Amino acid sequence: MFGPVLKPEGEQRLVYSTSTGFRVVCLGSGIILLLIVLGEADGMISFRENLIALSISGLCLISAMFQERWIFDRESNVFERHLGTVFLYSRLKRRLDSLKCVSINEFAKDSSASNDNRRLILTRRTVSLSVLGENNEIHKLDMAKGSGINELVKTAQELSSFCDIPLVDEFSKVTPEE
């Protein structure tokens, strides 16, 4: 609900982007916190007394405007990344046929954790989803832990199939430590 979602926009276009649920929660939290601060104020709002609440409210409202969007368009042969907010925004555009593969990798665990049973129990597997482009350019789309891994693997399979490029699944080759 809060993680990125893969949505088809027609038969020739897939978009992996920030979920609407994430934006709604951030916007709602920011507005509610702002209303609480305004409701508690008698007259003018003291910025100094409400610095933390106003800062958190501002961060929530800016987070609601955050956009991370990966576009895979077969018709236009375009692979794009849109990242940022209204204030700071970047865009990367490549040819879709320049992509070499979709990759799923597990992050290596800290070697010191293997001696500490308590840390092993609390440590969850972390997996990343990337797309490899020309000149070995790595585009990291997402990361997941725990139950989100299955959704990430499904997304990788759909992207691989849609773009007609191989899926390099280093995660499934790794067996969990006993």
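The structure we're discussing is the one just above.
So, here is what we can say about the structure in this document. None of the values given here were measured: they were computed from a predicted structure.

Okay, the layout of surface pockets next. The computed volume of the largest pocket comes to approximately 270 Å³. Lining the largest pocket are 16 residues, and of these G3, P4, Y16, D142 and E151 sit closest to its centre. When contributions to the lining of the largest pocket are tallied by element, the ones reaching two or more residues are β1 (5-8), β8 (138-145) and α4 (148-163). With five residues, α4 is the single largest residue contributor to the lining of the largest pocket. Grouping the constituent residues of the lining of the largest pocket by class yields nine nonpolar, three polar and four charged.

All right, on to the sheet that holds β1 then. In any sheet, the strands associate via hydrogen bonds between backbone groups, in a parallel or an antiparallel arrangement. Spatially, five strands are ordered β1-β2-β3-β4-β5 in an open sheet, and the strand pairing comes out antiparallel. Of all the strands in the sheet, the pair left with one neighbour each is β1 and β5 (89-95). Here the strands of the sheet are splayed against their neighbours by 15 degrees on average, with no regard to which way each runs. Summarising the sheet, strand β4 (residues 78-84) and β5 pair through seven bridges and their orientation is antiparallel. Across the sheet, residue V78 finds its bridge partner in β5, namely R95. Of the strands in this sheet, β1, β2 (13-17) and β3 (67-73) are in contact with α4, which crosses β2 at around 150 degrees.

Parameters at a glance
- Residues numbered from 1 in each chain as written.
- Predicted model: local features only at pLDDT ≥ 70, side-chain atom pairs only at ≥ 80, totals over all residues.
- Heavy atoms only, no water.
- 1 Å grid on protein atoms, 1.4 Å probe; cavity = no way out; pocket = protein on both sides within 12 Å on 5 of 7 lines; lining within 4 Å.
- Points joined across faces, edges and corners; volume = space filled by probe spheres on them.
- Helix = DSSP H or I, 4+ residues; strand = E, 2+ residues; numbered from the N terminus.
- Nonpolar A, V, L, I, M, F, W, Y, C, P; charged D, E, K, R; others polar.
- Pairing = 2+ DSSP bridges.
- Axes fitted to C-alpha atoms, helices over the stretch in contact; angles between N-to-C directions.
- Contact = heavy atoms within 4.5 Å.

Structural measurements only, silent on function.
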